[in-house]
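# Topology and contacts: notes
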Amino acid sequence: MKKILYIILAFCVLLACIDPFEVETQAFAGVLVVDARLTNEVKQHRVLLSRARPFEQDSISPERNATVSIIENSGANYEFEETTPGIYISNIAFAGEPGKDYRLLITTANGNSYASNIEEMPENVPIASLSFERQTDDFGEDGVAVVLDNSSLGNQPRFFRYDYEENYKIVAPNWDPFEFDIIDSVACIDGDAFEVGIKAKNSLKGRICYGRQFSTNINLASTANLEDNNLSKYLIRFVNRENYILMHRYSILVKQYTQSVDAHSYYQDLESFSASESVFSETQPGFLMGNIISETNNNESVIGYFETAAISSKRIFFDYKDLFPDEPLPEYPITCSRLGDPRLIPRGYHCTLGSGGVCDGNCESPLINQIQANLIVFAGEKEPIDFTRPFFTLPVGCGDCTVLGSDIKPDFWID
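Residues numbered from 1 in each chain as written. Predicted model: local features only at pLDDT ≥ 70, side-chain atom pairs only at ≥ 80, totals over all residues. Heavy atoms only, no water.

## Focus: the overall build of the chain
Condition: The numbering of helices and of strands both runs from the N terminus, where a helix is a DSSP run of H or I of at least 4 residues and a strand a run of E of at least 2. When accessible area is computed with a 1.4 Å probe and restricted to protein chains, residues below 20% of their type maximum are described as buried, those above 50% as exposed, and intermediate ones as partly exposed. Whether two residues touch is decided by their heavy atoms; if any such pair falls within 4.5 Å, the residues are in contact. Surface exposure here means Shrake-Rupley accessible area, sampled with a 1.4 Å probe, where a residue is shielded only by the protein chains that are shown.
Each helix and strand counted, the chain has 5 helices and 24 strands in total. Within the chain, the fraction of its 415 residues that count as buried is 40%. Partitioning the intrachain contacts of the chain with sequence separation of at least 6 by distance along the chain shows that 69% fall at a separation of at least 24. Taken as a whole, the chain presents about 23500 Å² of accessible surface, with 51% of it coming from carbon and sulfur.

Shown next, in the form of structure tokens:
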């Protein structure tokens, strides 16, 4: 018994000697962060300025009241104005022209100046083709692959970065032409109980919607090591066939950024940093040198990159039945197979008459509370009528698709 007690005591002493390991990042706190890109699109371009923050801090620190401009080698000067904290928009719409040189200049409110390297606008390479294919990925999952081809790129190697916007049609599986009508939501008013009815909807709102989401990963391609200098069947996006975004009609807009070799190298390093899942991995996240320097203090670090990139874009559509004919649709993301029937009159509800009635029991209607919180939709009346549970209900997304997207049809959408 004494030996057991000694062992327990020794174990407790060892536990007491272990200090918790708290990761704290201080090295780059307060460093200027720049997100700037000039393209060949005629538009008002945007520059984002902020200050680096410790990893454990959630809020972003925008850089306010800076002076921002992009100068062209011909002498043109494009000035930017701060529209919201840390976001600077060019005063006029303009486009970067292939072969011309550009430089980003920044002066912060405290008088410190920053400048980018001189960057040339690359020649634009159009997307030759974009298509959908049914494929099985490396994990054995069946789905849809969005693949891209580029041809006739000439003899020079090309460097590309890709992102996309995907849009998809959503149809509420249990949309109903009737909705709840709350007639009496105040307990014991005039001695009456709660009252809820139904009424016809005055529109088709919530029956058909359109979802939208953007790429979040860094997708880079290069023809530097390809014999024919062409991209063929390059994978942009793979969507598992069980993903509900494919249920009806799906569209993807792919943007191809033709980059300089230096910009491509920067994004490769950035991708390596973001892919590091552990502080103990071989790739140690640290300071990533961009092409922007401080002209006031040579020892000051700046995070970010001023990129000049020529954009080519293409949008395509497809219906689920095009690639999966006579096959079951993916499941809707909300379970709509189980009906609910929340009580209209709560257990313990009681009114004492007099002075219009006073509730001295349970004074909250579960049904009315869920309707007002936009948690449920009407799914049918109960038979036989039960005054405490008069209706069947479903989660709101089953009858109102606006919880998953917008019911405003995009201008570009083609049915």
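Text resumes after the structure shown.
## With respect to the packing of aromatic side chains
For any pair of aromatic rings, geometry is given as the distance between the ring centres together with the angle between the planes. Threshold: Aromatic rings from Phe, Tyr and Trp, with only the six-membered ring used for Trp, were paired whenever their centres fell within 6.5 Å, and each pair was classed as stacked if the ring planes differed by under 30 degrees, edge-to-face if by over 60, and tilted otherwise.
The tally for this structure, following the rule as stated, stands at 16 aromatic pairs. Both rings, one in Tyr-250 and one in Phe-318, keep their centres 6.0 Å apart while their planes meet at 70°; by these two values the pair is edge-to-face. Taken together, the residues Tyr-250 in strand E18 (residues 249–259) and Phe-318 in strand E20 (residues 302–319) connect sequence positions 68 residues apart. A relative accessible area of 1% places Tyr-250 in the buried class. The exposure class assigned to Phe-318 is buried, which follows from its relative accessible area of 4%. A centroid spacing of 5.7 Å and a plane angle of 90° characterise the contact between Tyr-266 and Tyr-267, whose relative ring orientation is edge-to-face. Each member of the pair, Tyr-266 as well as Tyr-267, is classed as buried.

## A closer look at the pattern of salt bridges
Spelled out, the test is: The salt bridge definition used is simple: a Lys or Arg side-chain nitrogen within 4 Å of an Asp or Glu carboxyl oxygen.
Inspection of the entire model under this criterion finds 22 salt bridges. The residue Asp-407 makes a salt bridge to Lys-205 at a minimum N-O spacing of 3.3 Å. On the criterion of sequence distance, the pair formed by Asp-407 in the segment after helix H5 (396–399) and Lys-205 in the loop between strand E14 (195–200) and strand E15 (208–214) is long-range, its members being 202 residues apart. Classification of Asp-407 as partly exposed rests on a relative accessible area of 30%. Classification of Lys-205 by relative accessible area gives exposed; the value is 51%. For Asp-415, the salt bridge goes to Lys-409, with nearest N and O atoms at 2.6 Å. You can call Asp-415 exposed: its relative accessible area is 56%. Residue classification places Lys-409 among the partly exposed positions, given a relative accessible area of 40%.

## A closer look at the state of the cysteines
Selection criterion: Count a disulfide wherever a pair of cysteine sulfur atoms falls within 2.5 Å.
Counting across every chain of the model gives 4 disulfides. The side chain of Cys-188 participates in a disulfide bridge whose partner is Cys-351; the two sulfur atoms lie 1.9 Å from each other. Handedness of the Cys-188-Cys-351 disulfide follows from its S-S torsion of about -90°: it is left-handed. Of this pair, Cys-188 sits in the loop between strand E13 (178–184) and E14 while Cys-351 sits in strand E21 (residues 351–352), placing them 163 residues apart in sequence.

## Focus on the sheet that holds strand E17 (residues 231–240)
Test applied: Should DSSP find at least two bridges between two strands, the strands are taken to pair. Whenever a helix is involved, its axis is fitted only over the stretch in contact; in every case the axis is a line through C-alpha atoms, and angles between N-to-C directions fall within 0 to 180 degrees.
The 3 strands lie next to each other as E10-E11-E17, forming an open sheet whose pairing is antiparallel. For this open sheet the edge positions go to strand E10 (129–136) and E17, each flanked by a neighbour on one side alone. Adjacent strand axes in the sheet meet at a mean angle of 30°, parallel and antiparallel pairs treated alike. As paired elements, E10 and strand E11 (residues 142–150) share 8 bridges and run antiparallel to each other. Among the inter-strand pairings, Ser-129 is bridged to a residue of E11, identified as Asp-149.

## Digging into the nonpolar core
To keep it simple, the criterion reads: Residue types Ala, Val, Leu, Ile, Met, Phe, Trp, Tyr and Cys, when buried and joined through side-chain atoms within 4.5 Å, form a set referred to as a nonpolar core.
In terms of nonpolar packing, the biggest core is built from 39 residues, with Tyr-162, Tyr-250 and Val-254 touching the most fellow members. Going through the elements one at a time, E10, E11, strand E12 (159–171), E17, E18, E20 and H5 are the ones with two or more residues in this core. Sort the elements by how many residues they give to this core and E12 lands first, with 5 residues. Those residues in contact with Tyr-162, other than ones at most four positions away along the chain, are Leu-148, Asn-150, Asn-219, Ala-221, Leu-231, Tyr-234, Ile-236, Val-254, Lys-255 and Gln-256. Counting 21 residues, the second-largest nonpolar core is a separate cluster that includes Leu-104, Ile-106, Met-121 and Val-302.

## Focus: the confidence of the model for the chain
Interpreting fine coordinate detail is not advised for predicted regions of low pLDDT. Under the convention used in this document: A residue's pLDDT is the predictor's confidence in that residue, given on a scale from 0 to 100.
Confidence along the chain averages 88 in pLDDT terms, with 87% of residues attaining 70 or more. Segment residues 277–284 is flagged for pLDDT under 50; beyond a separation of four residues in sequence, or across chains, it makes 6 contacts in the model.

## Here's the deal with the pairing of E12
Most of E12 is tucked away: 11 of the 13 residues are buried. Where E12 lies against E18, 10 bridges are found, and the strand directions are antiparallel. Residue Tyr-162 lies in a different strand from E18, and its bridge partner there is Gln-256. Note: E12 against E15, 7 bridges, orientation antiparallel. Counterpart to Val-171 in the pairing with E15 is Ile-208.

## Comments concerning the side chain of Glu-63
Inclusion rule: Identification of polar contacts relies on pairs of N or O atoms within 3.5 Å, with a donor-acceptor requirement for protein atoms, meaning one able to donate a hydrogen and the other able to accept it, and with residues adjacent in sequence counted only if both atoms are side-chain atoms.
If you trace the backbone, Glu-63 turns up in the loop between strand E3 (61–62) and strand E4 (67–72). One polar contact links Glu-63 to Arg-51, side chain to side chain, over a distance of 2.8 Å. The contact partners of Glu-63, leaving out residues within four places of it in the chain, are Leu-32, Leu-49, Ser-50, Arg-51, Glu-82, Gly-86, Tyr-88, Thr-108 and Ala-109.

## Some remarks on the side chain of Ser-50
Structurally, the position occupied by Ser-50 is in strand E2 (residues 46–51). Not counting residues within four places of it along the chain, the set of residues in contact with Ser-50 comprises Val-31, Leu-32, Val-33, Ile-60, Ser-61, Pro-62 and Glu-63.

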